[in-house]
Amino acid sequence: MPKDYLPGIIKLFEYYKSLGEKTLNIIPEEKINWQYNESSNSIATIVKHISGNMLSRFTDFLTTDGEKEWRNREEEFAPKDLSKQEVLARWNQGWKVFLEVLHELKEEDLDRIIYIRNMGQTVTDALNRQLAHYASHVGQIIFLGKLIMDKNWISLSIPKGESDSFNAQKFSEPKREGHFTDEYMLPGKKD
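Residues numbered from 1 in each chain as written. Predicted model: local features only at pLDDT ≥ 70, side-chain atom pairs only at ≥ 80, totals over all residues. Heavy atoms only, no water.

Once that is clear, we can look at the pattern of salt bridges. Where charged atoms from two side chains of opposite charge come close, those side chains can pair. Within this structure, the stated rule accounts for nine salt bridges. Residue glutamate 75 is joined to lysine 48 by a salt bridge in which the shortest nitrogen-to-oxygen separation is 3.9 Å. Here glutamate 75 is found in helix 3 (residues 73-77), whereas its partner lysine 48 is found in helix 2 (residues 43-58), with 27 residues between them in sequence. The residue glutamate 67 makes a salt bridge to arginine 71 at a minimum N-O spacing of 3.0 Å. Judged by its relative accessible area of 9%, arginine 71 falls in the buried class. (Salt bridge = Lys/Arg side-chain N within 4 Å of Asp/Glu carboxyl O. Helix = DSSP H or I, 4+ residues; strand = E, 2+ residues; numbered from the N terminus. Buried < 20%, exposed > 50% of the residue type's maximum accessible area, 1.4 Å probe, protein only.)

The next point concerns the packing of aromatic side chains. Across all of its chains, the model carries ten aromatic pairs by this definition. Ring centres 6.5 Å apart and planes at 75 degrees place the aromatic pair tryptophan 34 and tyrosine 36 in the edge-to-face group. Three or more aromatic residues link up through ring pairs in this structure, and these residues are Phe13, Phe58, Phe61, Trp91, Trp95, Phe98 and Tyr134. (Phe/Tyr/Trp six-rings, centres within 6.5 Å; stacked < 30°, edge-to-face > 60°.)

A few words now on a nonpolar patch on the surface. A contiguous nonpolar surface patch, about 350 Å² in accessible area, is contributed by Tyr36, Phe143 and Leu147. Tracing the backbone through its elements, the reader meets tyrosine 36 in the loop between helix 1 (5-26) and helix 2. Its relative accessible area of 59% is what places tyrosine 36 among the exposed residues. (Patch = residues over 30% accessible without salt bridge, like charges linked within 9 Å, V, L, I, M, F, W, Y side chains within 5 Å. Areas by Shrake-Rupley, 256 points an atom, 1.4 Å probe, with all protein chains shown as cover.)

What is shown is where atoms sit, not what they do.
Have a look at this one:
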């Protein structure tokens, strides 16, 4: 296992957290529970699910099964109007528990076996699984944000039509080492 696995995956999780937060911050209060249709989820529902998953998986992460008896996964998907403040509180609660665990992990923990629904897997496998899971849901939040904001959407990456100028700037700089998220998370960068 590479020695930089933990710092790298933490940076990726923090990157996806920031994308979700940027989207949540621009969504108007009255649209936080908006659904495309009856079979789709609102941003509020997706946040309830992500938070419920994080609380279940990462409470006593190394010592108890990740699917806690007290979790009600079905309730996470039940339609319920939440205020934007409630959505942000749930978002922050889940990420707080999750990131605290991530920052406490040590290299020697990565090969430990943890259980999710009685299925054993290494901590590394569990983290990779969660990265894919959370990134997919953040992508859903962003997509819903784009639908909701329509022409008022603010790009969270390289805006359409600006790839050439972005690449020209990057290739004019000396080669450097770092993480791909560094170029998107610089202070003062306009989204």
